[in-house]
Amino acid sequence: MRSQTITTDNNRTYQLSVVDLAPTVQEFCTATPGGKETCLVTPYLGKLLWFPTLVVIILLGMGGLWTKYLITLNKKWKLKVIFEADEDKEEQICYLKNKQKIAIGDDNLNSIYCPGNETRGYLQRKGNNLYIIPLKIQPIFYRQQQVTNNLAIKRNSFQINYPLGTENYPLTIKITK
């Protein structure tokens, strides 16, 4: 505590003291005529903190969306392949990770069966998109048109067709993301 004695013109003495108080805010609000507010702390804090609060809310929202996007990237897709031309052939289930591809017409474990000895193309996942990548050795058809370049598939269920000789072999692929 720091104090100093002050003497006025009429010889009255006062003691002036400076005291450090803990930083707390206490405000008593009283009612005024006309419904006006006599409290000053709440409006002051509202004017001071609205922008930082808005920035924090936006950053939290963007962080949540980014986390959701990363989770969808790391999730495996389930591809259910239905062989429509061969009823004796059982449905095939394949799993596809991000940046992974599955061969169409190969004899490997992680490939889609099709008659013939050659690989016709690939189904490749890039992010949350699926592409048909043809090899141009044997044709692949999507929506009755031959696929000549990389083609993005926008649907969760689609059909591709590959001819061999005079026969057509349609495949229906259903994607579970």
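Residues numbered from 1 in each chain as written. Predicted model: local features only at pLDDT ≥ 70, side-chain atom pairs only at ≥ 80, totals over all residues. Heavy atoms only, no water.

J.: I'd like a rundown of helix α1 (residues 41–74), residues and numbers included.
T.: Under the 1.5 Å per step criterion, the end-to-end length of α1 is 48 Å for 34 residues, consistent within 8% with the ideal 50 Å. The principal kink in α1, of about 45 degrees, is found at Leu-49, preceding the proline Pro-52 by one to four residues. (Helix = DSSP H or I, 4+ residues; strand = E, 2+ residues; numbered from the N terminus. Expected span 1.5 Å × (residues − 1). Bend = angle between axes of the 7 residues up to and from the residue.)

J.: Explain empty space enclosed by the protein residue by residue, including any values.
T.: Rolled over the atoms, a probe as big as a water molecule pinpoints where empty space is left. By the definition in use, this model includes one cavity of 30 Å³ or more. Empty space within the largest cavity amounts to approximately 40 Å³. Lining the largest cavity, in full, are Pro-134, Lys-136, Gln-138, Pro-139, Ile-140, Gln-146, Val-147 and Thr-148. Taken together, the residues of the lining of the largest cavity sort by class into four nonpolar, three polar and one charged. (1 Å grid on protein atoms, 1.4 Å probe; cavity = no way out; pocket = protein on both sides within 12 Å on 5 of 7 lines; lining within 4 Å. Points joined across faces, edges and corners; volume = space filled by probe spheres on them. Nonpolar A, V, L, I, M, F, W, Y, C, P; charged D, E, K, R; others polar.)

J.: Account for the layout of surface pockets, naming residues and giving values.
T.: If you add up the space inside the largest pocket, you get close to 180 Å³. Along its surface, the largest pocket is lined by Phe-141, Tyr-142, Arg-143, Gln-144, Arg-155, Ser-157, Phe-158, Gln-159, Ile-160, Asn-161 and Pro-170. Listed by contribution, the elements that provide at least two residues to the lining of the largest pocket are β9 (141–142) and β12 (157–164). Per-element tally for the lining of the largest pocket: the top contributor is β12, with five residues.

J.: Account for the pattern of salt bridges, with residues named and values stated.
T.: Taken as a whole and assessed by the stated rule, the structure comprises one salt bridge. Here Lys-80 makes a salt bridge to Glu-91, at a shortest N to O gap of 3.9 Å. With Lys-80 in strand β3 (residues 77–83) and Glu-91 in the loop between β3 and β4 (92–96), this pair connects stretches of sequence that are eleven residues apart. By relative accessible area, which is 42% here, Glu-91 ends up partly exposed. (Salt bridge = Lys/Arg side-chain N within 4 Å of Asp/Glu carboxyl O. Buried < 20%, exposed > 50% of the residue type's maximum accessible area, 1.4 Å probe, protein only.)

J.: So, the nonpolar core: which residues are in play, and what are the values?
T.: The nonpolar side chains of a soluble globular protein tend to be buried with one another. Counting 23 residues, the largest nonpolar core has Ile-112, Leu-123, Leu-130, Ile-132, Phe-158, Ile-160 and Ile-173 as its most contacted members. Of all the elements in the fold, those that place two or more residues in this core are β3, β4, β5 (101–104), β8 (129–134), β12 and β13 (167–176). Ignoring anything within four residues of it in the chain, the contact list for Ile-132 reads Tyr-122, Leu-123, Tyr-142, Val-147, Asn-149, Asn-150, Leu-151, Ile-153, Phe-158 and Ile-160. (Core = buried A, V, L, I, M, F, W, Y, C linked by side-chain atoms within 4.5 Å. Contact = heavy atoms within 4.5 Å.)

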